[in-house]
Amino acid sequence: MEKQARIYVAGHRGMVGSAITRKLHAEGYENILTRTSSELDLRNQAAVANFFAEERPDYVFLAAAKVGGIMANNTYRAEFLYDNLLIESNIIHSAYETGVKKLLFLGSSCIYPKLAPQPLKEEYLLSGYLESTNEPYAIAKITGIKLCEAYRSQYGCNFISAMPTNLYGPNDNYDLQGSHVLPALIRKFHEAKINDQPTVEVWGTGSPRREFLHADDLADACFHLMEHYNDELFVNIGTGEDVTIRELAELVKETVGYEGELRWNTEKPDGTPRKLMDVSRLHSMGWKHSTELRDGIERTYQDFLANEVLYVE
Ligand code: GFB
């Protein structure tokens, strides 16, 4: 990307979009276009078309999405499908119409079948049934991949897709009903420590395995792909290492310095038993993550402490 290029980061206030924006600033890009959701409703086709026609971005990072943890996905099933379909369709189509040079679409590891072999290779897409709690979100994200492939095949657009594993970092969602597991555990252990609570409730059985990538590493990988990758096949982004939810909970507990007990609530869903990314394609392109989980959790806890007022209303 040329240093003067006009780069639109869709979703710049979210955890992923804000990490991408920080990365672009650090690389010396100044022409970064952003809009808050109140300035531009990405579900509104005409508004998105007008924005692209007026602003004429050269490059697009499509990091805007309705996202959330296992309960949010399962509760707001209609919104996860409808909002995400509209956001990605509107942006991808407008990018085509206004001649965007390159677009990166971000999906999620939940696009893979629930019982796919591990680690998850890119070619396992659509080889089996999806996990039910996040099927609407997964269907929307699969559609995004297919839109990029179709606009490439029919119109020759250089639209690429990347599938990140579970993410964490600054500007995450700390709402205990809607969030993902890592921010939820940071908040729960922190509040239990401050309030001297003897136990902390953790959801499920603790046996599912998850892989976690720091958002700054994801932003770095997205930048790498934008600079070097131009093919149709989407690319997994992860660390290639996973832990059980029980191990994660112990790690967060230790980082926060909480000394009470864990109480497992098996009424809550476990979700997919395991979703470990095969990252050999990404590694073969010369990219590897740099933040290990223990350090990343420590950094994220410090960020939580510094921004608690913002994160917890
Ligand atoms: O992060 P999480 O909500 O999403 O949950 P998924 C991961 C695991 O942590 C599940 C357990 O087995 C949860 O039951 N868990 C334990 C908790 N305690 C908690 C807690 O306090 N809060 C939460 N949220 N979980 C999402 C998908 O799946 O991952 C999305 O629903 C997306 O579509 C995203 O793909 C990356 O990893 O299960």
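This text goes with the structure placed above it.
All values reported here derive from a predicted model rather than from experimental measurement. (Residues numbered from 1 in each chain as written. Predicted model: local features only at pLDDT ≥ 70, side-chain atom pairs only at ≥ 80, totals over all residues. Heavy atoms only, no water.)

### A closer look at helix H8 (residues 245-256)
Look at H8: 16 Å from first C-alpha to last across 12 residues, which is about the 16 Å you get at 1.5 Å a residue. Its buried side turned inward, H8 meets helix H6 (181-194), strand S8 (209-210), strand S9 (212-214), strand S11 (243-244), strand S12 (261-265) and helix H10 (293-311). Taken from the residues just after H8, Gly257 is the one with a positive phi, measuring 85 degrees. (Helix = DSSP H or I, 4+ residues; strand = E, 2+ residues; numbered from the N terminus. Expected span 1.5 Å × (residues − 1). Contact = heavy atoms within 4.5 Å.)

### Details of empty space enclosed by the protein
Tallying each qualifying case throughout the model produces 1 cavity of 30 Å³ or more. By volume, the largest cavity is sized at about 60 Å³. Lining the largest cavity are Ser109, Cys110, Tyr112, Pro113, Lys114, Gln118, Leu120, Glu131, Asn134, Thr272, Arg274 and Lys275. Split into classes, the residues belonging to the lining of the largest cavity amount to 4 nonpolar, 4 polar and 4 charged. (1 Å grid on protein atoms, 1.4 Å probe; cavity = no way out; pocket = protein on both sides within 12 Å on 5 of 7 lines; lining within 4 Å. Points joined across faces, edges and corners; volume = space filled by probe spheres on them. Nonpolar A, V, L, I, M, F, W, Y, C, P; charged D, E, K, R; others polar.)

### Quick word on the site of the ligand
Taken together, 22 residues surround the ligand, and among them Ile70, Lys188, Arg210, Pro269 and Asp270 come closest. Residue Ile70 places a main-chain N or O atom 2.8 Å away from an oxygen atom belonging to the ligand. Across the complex, the protein chains shield 97% of the 710 Å² of accessible surface that the ligand would expose by itself. The dominant element in the shell around the ligand, judged by the number of residues it contributes, is H6, at 3 residues. Among the residues making up the shell around the ligand, the classes are represented as 10 nonpolar, 8 polar and 4 charged. (Near = heavy atom within 4 Å. Polar contact = N/O pair within 3.5 Å; in protein donor to acceptor, adjacent residues only side chain to side chain. Areas by Shrake-Rupley, 256 points an atom, 1.4 Å probe, with all protein chains shown as cover.)

### Brief notes about the sheet that holds S8
One open sheet accounts for 3 strands, arranged S11-S8-S13; its pairing is mixed. In this open sheet, the two edge strands, each paired with only one partner strand, are S11 and strand S13 (274-275). As paired strands, S8 and S11 are joined by 2 bridges and run antiparallel to one another. Bridged to Arg209 within S11 is Thr244. (Pairing = 2+ DSSP bridges.)

### Considerations on the nonpolar core
Among the nonpolar cores identified, the biggest contains 41 residues, and Tyr8, Leu42, Phe52, Ile91 and Leu103 are the most heavily contacted of them. Of all the secondary-structure elements, those providing two or more residues to this core are strand S1 (7-10), helix H2 (45-55), strand S3 (59-62), helix H4 (77-97), strand S4 (102-106), helix H5 (135-155) and strand S5 (159-164). Looking at this core, the element that brings in the most residues is H5, giving 7 residues. Once you skip the residues sitting within four places of it in the chain, Tyr8 turns out to touch Leu33, Thr34, Leu40, Leu42, Phe51, Phe52, Pro57, Tyr59, Val60 and Phe61. Residues Ile20, Leu24, Tyr29 and Leu167 belong to the second largest nonpolar core, which totals 33 residues. (Core = buried A, V, L, I, M, F, W, Y, C linked by side-chain atoms within 4.5 Å. Buried < 20%, exposed > 50% of the residue type's maximum accessible area, 1.4 Å probe, protein only.)

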